[in-house]
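Chain and residue survey
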Amino acid sequence: MCRTDRVPTAGILWLALVVIMFVARSIAADHKDLIHDVSYDFHGRRMATCSSDQSVKVWDRSENGEWHCTASWKTHSGSVWRVTWAHPEFGQVLASCSFDRTAAVWEEIVGESNDKQRGLSHWIKRTTLVDSRTSVTDVKFAPKHMGLMLTTCSADGVVRIYEAPDVMNLSQWSLQHEISCKLSCSCISWNPSSSRAHPPMFAVGSDDSNVTYGGKVQIYEYNENTRKYAKAETLMTVTDAVHDIAFAPNLGRSFHVLAIATKDVRIFKLVPMRSDRKESTSTGPTKLEVQIVAQFDNHNSQVWRVSWNITSTLLASSGDDGCVRLWKANYMDNWKCTGILKGDGSPLTSSSGQPTAMSTIVGSSVQTSQNALNGMSAGR
Amino acid sequence: MEELDVEPAITNIPAASDGKHLGFAWGPGDILAYETLYMAPGMCAKGSGCSFIHEVRKDEDIYSPILRKLFNESHHIFVGLQTIREDLPSKNKKTQFVSISKNYRSVIRACMEELQQVAASVLVLQVSILLAIELIWNLCEVLFIDAAPAGPLLLHLLDWVRLHKGDVDEKAREVLQSESPAEHHDYWDVVVSYVLQGRFEEARQMLVKQATLQPAARNMYKLMDTLLSKMPFYNPGGTQTLTEFDVKWRHWHEEVDRCLQDNSFASNQHLEIICKILVGDEDTLLEHKELLSTWYHFLVTRLLFCHPTVKPTELHYYAQSCMTMFLDLRSVPEPLDSILLAAFEFDIHQVIKDCSIALNNWWFVAHLTDLLDHCKLLQSHNLHFGSNLREFLLLEYASGLFTHHSLWQLAVDYFDNCPEFGHVYLELQIERVPLDTERKALKVLRICEQRQMSEQVRSICKIMAMRALRNNRLGSALSWSIRAKDAAFATLISERFLQDYCARGTFSDLDLIDNLGPAMLLSDRLTFLVKYREFHKLYEENRFSEAAKLLLSLITAKIAPRSFWMTLLTDALPLLEQKEVSHSAHCALHCGFGHDLCFILQ
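Conventions used here
- Every chain's residues receive numbers from 1 upward, in the order its sequence appears when written.
- To read the labels, note that chains go from A and ligands from 1, taken in the order they are written.
- Local features are withheld for residues below a pLDDT of 70 in this predicted model, meaning they are given only at 70 or higher, and side-chain atom pairs are given and counted only at 80 or more; totals for whole chains, interfaces and linings count all residues.
- Only hydrogens and water are set aside; all other atoms, that is, all heavy atoms of the structure, feed into the side-chain values.
- UniProt positions are given in the numbering used here, feature names are shortened, and annotations may be inferred rather than shown by experiment.
- Helix and strand definitions here come from DSSP, where helices need a minimum of 4 consecutive H or I residues and strands a minimum of 2 consecutive E residues; each element is numbered from the N-terminal end.
- Throughout, exposure labels follow a simple rule: accessible area from a 1.4 Å probe, protein chains only, divided by the maximum for the residue type, with under 20% read as buried, over 50% as exposed, and the rest as partly exposed.
- What makes a nonpolar core is a set of buried Ala, Val, Leu, Ile, Met, Phe, Trp, Tyr and Cys residues whose side-chain atoms join them at distances within 4.5 Å.
- Here, residues are in contact when the closest pair of their heavy atoms is within 4.5 Å.
- Think of it this way: DSSP has to see at least two bridges between two strands before they count as a pair.
- Note on geometry: axes are C-alpha line fits, over the in-contact stretch for helices, and angles between N-to-C directions span 0 to 180 degrees.
- Only protein atoms enter the 1 Å grid used here. Points where a 1.4 Å probe fits but cannot escape make up a cavity, open sets with protein on both sides within 12 Å along at least five of seven lines make up a pocket, and a residue lines them when an atom lies within 4 Å of a point.
- Grid points are joined across faces, edges and corners, and a volume is the space filled by probe spheres set on the points.
- Gly falls in the polar group here, along with every residue not listed as nonpolar (Ala, Val, Leu, Ile, Met, Phe, Trp, Tyr, Cys, Pro) or charged (Asp, Glu, Lys, Arg).
- Each pair of aromatic rings taken from Phe, Tyr and Trp, with Trp reduced to its six-membered ring, is defined by centres within 6.5 Å and is described as stacked if the planes are under 30 degrees apart, edge-to-face if over 60, and tilted in the remaining cases.
- Lysine and arginine charges are scored as sitting over a ring when NZ or CZ, respectively, is within 6 Å of the ring centre and within 35 degrees of the ring normal.
- Polar contacts, as counted here, are pairs of nitrogen or oxygen atoms within 3.5 Å of one another; within protein the pair requires one atom able to donate a hydrogen and one able to accept it, and residues that are adjacent in sequence qualify only if both atoms are side-chain atoms.
- Here the angle decides the label: under 35 degrees means roughly parallel, over 145 means roughly antiparallel, 65 to 115 means roughly perpendicular, and every other value means oblique.
- Here a helix's expected span is defined as the number of its residues, less one, multiplied by 1.5 Å.
- Within this analysis, the arc is defined by the directions that extend from the helix axis to the C-beta atoms.

- As annotated in an unreviewed UniProt entry, chain B carries the name Nuclear pore complex protein Nup85 and is attributed to Sander lucioperca.
- Here is the UniProt Subunit (unreviewed entry) comment for chain B, exactly as written: "Component of the nuclear pore complex (NPC)."
- Quoted verbatim from the Subcellular location (unreviewed entry) field of UniProt, the annotation for chain B is "Nucleus, Nuclear pore complex".

- Within an unreviewed UniProt entry, the label attached to chain A reads SEH1-like (S. cerevisiae), and the organism entered is Sander lucioperca.
- What UniProt records for chain A under Sequence similarities (unreviewed entry) is the sentence "Belongs to the WD repeat SEC13 family."

Written out as structure tokens, the structure is:
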């Protein structure tokens, strides 16, 4: 007989209010210098890390959740800033970009059987993209419905879009578009929407200190007629350096959502406006109405990264306060911080690859609940 | 009412020191955090090596093995609820809805029982949360779904309080099992608790034991026994109207009051207290806060003894005043209090809103809101996002399920029942289900095919085809590309097959190629491959004239890849020497031969 008689203790729902997270596992990354990017593959079974030690490592997750490094190799002659996976439809393909002014494309080669037994795989370079004259700051694959297309942006202010016309031959890439943004670029994000209602669109962020050009975020849209990308919008209200930018996955909405990491976290809504022009086919990009949805300065200073989860229900940001913050909107579209990850500077006691002890989990829960209970009146 | 606002919890990431930044990456069901240093352009920083990457998860993952049963069984109830026909008469529907509500609650209780058996400190929290959930759900069932009118309303509320205040029975057991129950130090607490809960039969039985110990006070105990036995309780199934009951109750109330005025129980402090309780004296009730333990118990008790014919619309007034009277002036209402108060005020919207904020697991609000929506209770409140609220919550809940390695299949049904966004959510998330095995891939495919999600079907098949191709499993790659209806890929794989043949002189995956049927028409190259293999088969079986005819058609149809022309011509040579080949075929082959030879030589 189940005991339903115990009245919920005072304050129990205060505890439930907080999203309690814990460190389930710590993996020793073994890079010899700072890690600059970590990227999950599409299915969340593999991850790639890149570092100032000029190498990229690929990790595979086994069935019991443990991570094993299956490849580690030198990729560039400078710090590697970003690493990203292509869609699995194109196979196992990675792209990396570096301070050494290049971006590179890598493909996994199915190895010898003894390699497989040892849990190793090989990645070979398919191409090096050397068009940039300065550090390549970001590299992203375009949405898969556009084919196998790679985009880079550089400190020289140019966005370059490459295409591999034959997906079975990754050594052939052609530079399809070269877009000069006039400002040094730090980040790009493709609009993931594959709806026919929206032509291909990407956003570029700039961390240029130049004040002549006001807006540090530019939106470009592809035009079917001219077969070129044209600027659709500049976010003039974003005047400080932009370090990261991210379109949210589109879930049947008619508008776009864009998150920006600048001196604060900002979320914009971009609403395509219907064209009233007399021309049957518009010659310019879609007019976008820009609305700010939320702005958070909790990080106290620069925000360096923003990223959406898969369903765009949560946004994460990382800032100068050494924290990662999670943001969520309720059904009234009010945004709130629902969780914080903070480095506590304590040394890691358990060895890599092992789950943190249960007592630590309980410990941190208790710690959190203690915080939540502070201010509660005693007894009833 | 103000929205509950709480500081978010901080999760500490070890080994990430001061002055460093924290990088992150979203994963399915987790977020990776690592120490890094972001830099403005032109800056350079050297970091230490050997940093750690930390996998951060929500605490729900600890509970989920046990909650799995809750998720599974409630999924079953949910699906059943969606199929209740719209055209049923509302009376029948109401009975069904109440029954469904009770099913949900019994699933919650079963889950609590299981959790209670696992002695882990971390689960105490989860049990308490489930307790709160069941308490709230039960009240919502009484007020909203069953929607009892004045009369039965109080009886249902009494049941509700009794169900959630069972420690009385425990104490009573202890007292009764002692040597002399009437002298047990908890004896009077038990009696008073029974009275407070309106359990007069049990109270009377207990009092008998005291009465036998005090023969001198026999008359007093007899009087109390009479009062207790005569208290009217409304009988919903009976013929008495509410007004008649009210009259009867007032008479009884006056009688109790007369006993007080007459000092009938003055010499027995305990009986005097009970008499004051029966007459509904607020101060006396409040003196027993410890036994009541909650303001809502106080509320129901007060109604029982002051206003048993309370109407649903009057509840909020009593609830508010009881809460104020019961709680310390200093204390802040807790989330649970706000939720219950909102329920007594029949503010369904507020209940859902506060529950969404208070309980970060979406299970409860999603299922309750869905049920209330079916009862048409959300719409009647004219919320502009009435049904969107239901969808929002169901989508949140189901999205959480999707990251689970086996529960994701339950999520599909929830998405199916969200008419506006369910489909697009499903499309987005089902693509991410890892295709670890062919069996799993087929499972995912079946779900997509059933819902005409053709793009997802194509994509999954393409991923599998690519994977097979990379591992040189041409047969598997070919099957998958056919299923993906990917002509280009099928062509590519067919070419590989043909290259293989050229290199080794034999075909692989003969079973597959021989049994493709109409699927071979997907691409010219594939058709050629199948037909070419057929040609070889005919040749091996010495059916030379058929073989010749086939070869001829292959040449004339011009579906052979250029690289293969020499091979075809070479194949034709031995046929020309065969006697069985008909004369016309011979000629045709010669012509074909000649024609193509010219072609090749150009």
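From this point on, the discussion continues.
**Things to note about unusual backbone geometry**
- Backbone geometry at Asp 30 of chain A places phi at a positive 65°, although glycine is not the residue there.
- As for its placement among the helices and strands, Asp 30 of chain A is situated in the loop between strand 1 (21–28) and strand 2 (35–40).
- The partly exposed category is assigned to Asp 30 of chain A, whose relative accessible area is 45%.
- The phi angle at Asn 472 of chain B is positive, at roughly 60°, despite the residue not being glycine.
- Along the chain, Asn 472 of chain B turns up in the loop between helix 23 (454–470) and helix 24 (474–483).

**With respect to the nonpolar core**
Residue and element names in this part refer to chain B.
- Ranked by internal contacts, the top residues of the largest apolar core, which has 199 residues, are Trp 160, Leu 278, Trp 295, Phe 344, Trp 363, Ile 430 and Tyr 532.
- The dominant element in this core, judged by the number of residues it contributes, is helix 3 (residues 121–145), at 17 residues.
- When near neighbours in sequence (up to four residues on either side) are disregarded, Leu 278 contacts Val 195, Phe 200, Met 224, Leu 228, Trp 252, His 253, Val 256 and Phe 305.

**What to know about the UniProt feature "repeat: WD" (unreviewed entry) in chain A**
All names here are of chain A.
- Look at the UniProt record and you will see "repeat: WD" (unreviewed entry) annotated at residues 28–60 and 296–328.
- The span residues 28–60 is 0% helix and 58% strand, and its two end C-alpha atoms sit 14 Å from each other.
- Within the segment residues 296–328, helix and strand shares are 0% and 58% respectively, and the terminal C-alpha atoms sit 12 Å apart.

**A short note on the sheet that holds strand 5 (residues 67–74) of chain A**
All names here are of chain A.
- Ordered by their spatial adjacency, 4 strands build an open sheet running 2-3-4-5, and the pairing between neighbours is antiparallel. The strands lining the two open edges of the sheet, one partner per strand, are strand 2 and strand 5. The mean inter-strand angle of the sheet, taken between neighbouring strand axes irrespective of direction, is 20°.
- Taken together, the 7 bridges between strand 4 (residues 55–61) and strand 5 define a ladder with antiparallel strand orientation. Bridge pairing in strand 5 places Val 56 opposite Trp 73.

**With respect to the layout of surface pockets**
- In this structure, the second largest pocket spans a volume of roughly 780 Å³.
- Looking at the second largest pocket, it is lined by 30 residues, and the ones nearest its centre are Arg 253, Asn 330 and Asp 333 of chain A together with Phe 392 and Tyr 425 of chain B.
- Element by element, the count of residues in the lining of the second largest pocket is highest for helix 19 (residues 386–402) of chain B, at 7 residues.
- Across the lining of the second largest pocket, the residue classes break down as 17 nonpolar, 6 polar and 7 charged.

**Re the packing of aromatic side chains**
- Using the criterion set out here, one finds 45 aromatic pairs over all chains in the structure.
- An aromatic cluster of at least three residues, connected via ring pairs, comprises Tyr 501, Phe 507, Phe 528, Tyr 532, Phe 535, Tyr 539, Phe 544 and Phe 564 of chain B.
- One cation-aromatic arrangement involves Lys 269 of chain A over Phe 255 of chain A; the distance from NZ or CZ to the ring centre is 4.4 Å.
- Directly above the ring of Phe 489 of chain B sits Lys 462 of chain B, whose terminal nitrogen or CZ lies 4.7 Å from the centroid.

**Focus: helix 24 of chain B**
Residues and elements named next belong to chain B.
- With 8 of 10 residues buried, helix 24 is to be regarded as a mostly interior element.
- All of the buried residues in helix 24 are Leu 474, Gly 475, Ser 476, Ala 477, Leu 478, Trp 480, Ser 481 and Ile 482.
- Of the surrounding elements, those touching the buried residues of helix 24 are helix 22 (438–450), helix 23, helix 25 (487–504), helix 26 (510–514) and helix 27 (524–540).
- Positioned one or two residues after helix 24, Lys 485 has a phi angle of 55°, which is positive.

**A short note on the side chain of Gln 218 of chain A**
Residue and element names in this part refer to chain A.
- Mapped onto the secondary structure, Gln 218 falls in strand 16 (residues 217–223).
- Classification of Gln 218 by relative accessible area gives buried; the value is 5%.
- A polar side-chain atom of Gln 218 sits 3.4 Å from a polar atom in the side chain of Lys 231.
- Setting aside residues up to four positions removed in sequence, Gln 218 forms contacts with Cys 181, Leu 183, Phe 202, Ala 203, Val 204, Lys 231, Glu 233 and Thr 234.

**What to know about the packing of helix 7 (residues 200–213) of chain B against helix 8 (residues 218–230) of chain B**
Residue and element names in this part refer to chain B.
- At a closest axis distance of 10 Å, the pairing of helix 7 and helix 8 adopts a crossing angle of 175°. It follows that helix 7 is roughly antiparallel to helix 8 by the angle criterion. Two secondary-structure elements touch here, helix 7 through Phe 200, Ala 203, Arg 204, Leu 207, Gln 210 and Ala 211 and helix 8 through Tyr 221, Met 224, Asp 225, Leu 228 and Ser 229.

**Describing helix 14 (residues 315–326) of chain B**
Residues and elements named next belong to chain B.
- Its 12 residues give helix 14 an end-to-end C-alpha distance of 16 Å, which sits within 8% of 16 Å, the value for a rise of 1.5 Å per residue.
- Of all the positions in helix 14, only Leu 315, Tyr 318, Ala 319, Cys 322, Met 323 and Phe 326 are classed as buried. Within helix 14, the buried residues cover an arc of 130° as seen down the axis, which keeps them to one side.

**As for the pairing of strand 4 (residues 52–58) of chain B**
- Burial of strand 4 of chain B is extensive: 6 of the 7 residues sit out of reach of the surface.
- The pairing of strand 1 of chain A with strand 4 of chain B spans 7 bridges and is classified as antiparallel. Note on strand 4 of chain B: the bridge partner recorded for Ala 28 of chain A is Phe 52 of chain B.
- Here 4 bridges tie strand 3 (residues 30–36) of chain B to strand 4 of chain B, and the two strands are oriented antiparallel to one another. For Leu 32 of chain B, the partnering residue across the bridge sits in strand 4 of chain B and is Glu 55 of chain B.

**Section: the packing of helix 20 (residues 408–416) of chain B against helix 22 of chain B**
Residues and elements named next belong to chain B.
- Between helix 20 and helix 22, the shortest axis-to-axis distance is 12 Å and the interhelical angle comes to 5°. Between helix 20 and helix 22, the crossing angle belongs to the class labelled roughly parallel. For the pair formed by helix 20 and helix 22, the contact residues are Trp 408, Gln 409 and Val 412 on the first element and Lys 440, Lys 443, Val 444 and Ile 447 on the second.
- Looking at the contact of helix 20 with helix 22 residue by residue, the classes come out as 4 nonpolar, 1 polar and 2 charged.

**What to know about the pairing of strand 6 (residues 80–85) of chain A**
All names here are of chain A.
- Taken across its 6 residues, strand 6 has 6 buried, putting it largely inside the fold.
- Strand direction decides the pairing type here: strand 6 and strand 7 (residues 93–98), joined by 5 bridges, are antiparallel. By the bridge assignment, Arg 82 is partnered in strand 7 with Cys 97.

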